[in-house]
Amino acid sequence: MLRHLLNPLDFSVEELDKLMDLAVDIEKHPAKYAHACEGKVLATCFYEPSTRTRLSFEGAMYHLGGHVLGFSSADSSSAAKGESVSDTIRVISCYADICAMRHPKEGAPLVAALKSGIPVINAGDGGHQHPTQTLTDLLTIRSLKGRLGDMTLGLCGDLKFGRTVHSLIEALSRYKGVRFVLISPPELRVPEYVLETLGKKGIPYKEVQSLEEAIPELDILYMTRVQRERFFNEDDYIRMKDFYILNKAKMELAREDMLVLHPLPRVNEISTEVDDDPRACYFKQAQYGMYIRMALILTLLGLEVQ
Ligand code: CP
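All figures in this text were calculated on a predicted structure; none of them were measured in a lab.

A.B. asks: Mind showing me how you'd approach the pairing of strand E4 (residues 120-125) here?
C.D. replies: The side chains of a regular strand alternate, first on one face of the sheet and then on the other. Burial runs high along E4: six of the six residues are buried. Examined bridge by bridge, strand E3 (residues 98-103) and E4 share four bridges and lie parallel to one another. In the strand pairing of E4, Met-101 is matched with Asn-122. Handedness of the crossover joining E3 and E4 through helix H4 (residues 108-115): right-handed.

Set out below in structure tokens:
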């Protein structure tokens, strides 16, 4: 049966564990997987800019011995002539075995999946969800902390438009003992629908504005960029963009074992002076992104490597 990844909750906790175990095995034994996707083709249909997600998907397919085709902007596809996502995916289904799609409109990968003959992976839809970033984040936390429950996670910055935040909160809310500290200016609070999910599940959370006050209690600090491309008004963006800047002085307030994650790209929200701090894990996080996407491609294609 055709299987897609549109939302981080599309995989059960047990399936996520299997996926992460597979990613760990791929990292340890890359040669074992080097031909697993021979003859298979991945289409990367990116209607919005990307560095990590698109290139890690493409790198993932190459490292599995497969091939890649696609486009990296709407302008270079027939979307510029008015073609619908539904028609595009019907055509791509004739050329490829699996598709990773990023789109500025929320729900576009779901619309594609309804007409697709191949698995569709949501590689980020507007300000909504970014499930493969969440897989990356979960693998990073599990690998570096040794667990996914029993922790206080602080999410800081643009919690309104930051799709990685919405996906990560939903995914982590399935693990026991997780508590969220949501650090943002009032204008960039987490959307109500995400807070409702937390409320219904009885997951403890608090909304605060001060990073300095919140940082001492955190096991993980997940920094985010203010999403310029989602603002309606440039003045609002300029007012918000440097609201939080993590620097060495703030890191001194944090625990010795607190991890700093960021989906990247960063702008100013983490000073480069933090990069050499052993608690700064965002570049390692980007590396995990390729292994988990390799595991995802294999899983959605139903390929097993002995
Ligand atoms: N984290 C992430 O989605 O980065 P890109 O926009 O570069 O893909």
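A.B. asks: Sorry, what's going on with the side chain of Glu-58 here?
C.D. replies: Checked against the element boundaries, Glu-58 lands in helix H2 (residues 52-63). On the basis of relative accessibility, which here comes to 14%, the residue Glu-58 falls in the buried class. Setting aside chain neighbours within four positions, we find Glu-58 in contact with Leu-42, Thr-44 and Val-68.

A.B. asks: Could you clarify how one ought to interpret the site of the ligand in this entry?
C.D. replies: Residues in close proximity to the ligand include Ser-50, Thr-51, Arg-52, Thr-53, Arg-102, His-130, Gln-133, Pro-263, Leu-264 and Pro-265, which together make up its full environment. Note that an oxygen atom of the ligand is positioned 2.6 Å from one of the side-chain N or O atoms of Ser-50. One of the backbone nitrogen or oxygen atoms of Pro-263 is found 2.9 Å away from a nitrogen atom of the ligand. Burial of the ligand by the protein amounts to 91% of the accessible area it has alone, namely 250 Å². Residue classes in the shell around the ligand are distributed as three nonpolar, five polar and two charged.

A.B. asks: What is the right way to look at empty space enclosed by the protein in this model?
C.D. replies: Rolling a probe over the atoms, with the probe sized like a water molecule, indicates the empty space that remains. Applying the stated criterion across every chain yields a total of three cavities of 30 Å³ or more. Taken as a whole, the largest cavity holds about 60 Å³ of empty space. Where the lining of the largest cavity is concerned, the elements lending two or more residues are H2, helix H5 (131-145) and helix H11 (282-300). The element that contributes the greatest number of residues to the lining of the largest cavity is H11, accounting for five residues.

A.B. asks: Just checking my understanding: could you explain H2 for this structure?
C.D. replies: Because an α-helix completes one turn every 3.6 residues, residues spaced three or four positions apart along the sequence face the same direction. The first and last C-alpha atoms of H2 sit 16 Å apart over twelve residues, in line with the 16 Å expected at 1.5 Å per residue. Here H2 has its buried residues at Thr-53, Arg-54, Ser-56, Phe-57, Glu-58, Gly-59, Ala-60 and Met-61. The inward-facing, buried residues of H2 abut strand E1 (41-46), strand E2 (67-71), E3, E4, H5 and H11. Looking one or two residues beyond H2, the residue adopting positive phi is Gly-65, at roughly 85°.

A.B. asks: Help me understand the sheet that holds strand E8 (residues 220-223) in this model?
C.D. replies: Backbone hydrogen bonds are what pair the strands of a sheet, in a parallel or an antiparallel way. In spatial order, the strands read E7-E6-E5-E8-E9; together these five strands make up an open sheet with parallel pairing. Lying at the two open borders of the sheet, with one neighbouring strand each, are strand E7 (205-208) and strand E9 (259-261). The sheet shows a mean angle of 20° between the axes of neighbouring strands, direction not considered. Relative to E9, E8 is paired through three bridges, and the arrangement is parallel. The partner of Ile-220 across the bridge, within E9, is Leu-259. In the packing of helix H6 (residues 163-172) onto the sheet, contacts are made with strand E5 (151-156), strand E6 (178-183) and E8, and the angle to E5 comes to roughly 165°.

Calculation criteria
- For every chain, the first residue of its written sequence is number 1, and the numbers climb from 1 along that sequence.
- Owing to the predicted nature of the model, reporting of local features is limited to residues with pLDDT of at least 70; listing and counting of side-chain atom pairs is limited to 80 or more, with chain, interface and lining totals taken over all residues.
- Based on all heavy atoms of the structure, the side-chain values leave hydrogens and waters out of the count.
- Using a 1.4 Å probe on the protein chains alone, a residue whose accessible area is under 20% of its type maximum counts as buried, one over 50% counts as exposed, and one in between counts as partly exposed.
- What counts as a helix is a DSSP run of H or I of at least four residues, what counts as a strand is a run of E of at least two, and both are numbered from the N terminus.
- We call two strands paired when DSSP finds no fewer than two bridges between them.
- If the strands point away from the viewer and the path from the first strand over the helix to the second runs clockwise, then the crossover is right-handed.
- Residue contacts are counted whenever heavy atoms from the two residues lie within 4.5 Å of one another.
- The cutoff for a nearby residue is simple: one of its non-hydrogen atoms must lie within 4 Å of the molecule or strand.
- Counted as a polar contact is a pair of N or O atoms within 3.5 Å, where, for protein atoms, one must be capable of donating a hydrogen and the other of accepting one, and residues adjacent in sequence contribute only when both atoms are in side chains.
- Accessible surface is estimated by sampling points in the Shrake-Rupley manner with a 1.4 Å probe; for residues, cover comes only from the protein chains shown.
- Ten residue types, Ala, Val, Leu, Ile, Met, Phe, Trp, Tyr, Cys and Pro, are classed as nonpolar, four, Asp, Glu, Lys and Arg, as charged, and the remainder, Gly among them, as polar.
- A cavity here means a set of points on a 1 Å grid, drawn over the protein atoms and nothing else, where a 1.4 Å probe fits but cannot get out; a pocket is an open set with protein on both sides within 12 Å along at least five of seven lines, and a residue lines either one if it has an atom within 4 Å of a point.
- Grid points are joined across faces, edges and corners, and a volume is the space filled by probe spheres set on the points.
- Expected helix span is taken as 1.5 Å per residue step, with the number of steps being one fewer than the number of residues.
- Angular values range over 0 to 180 degrees, each being the angle between N-to-C directions of two axes fitted as lines to C-alpha atoms, with helices fitted over their stretch in contact.

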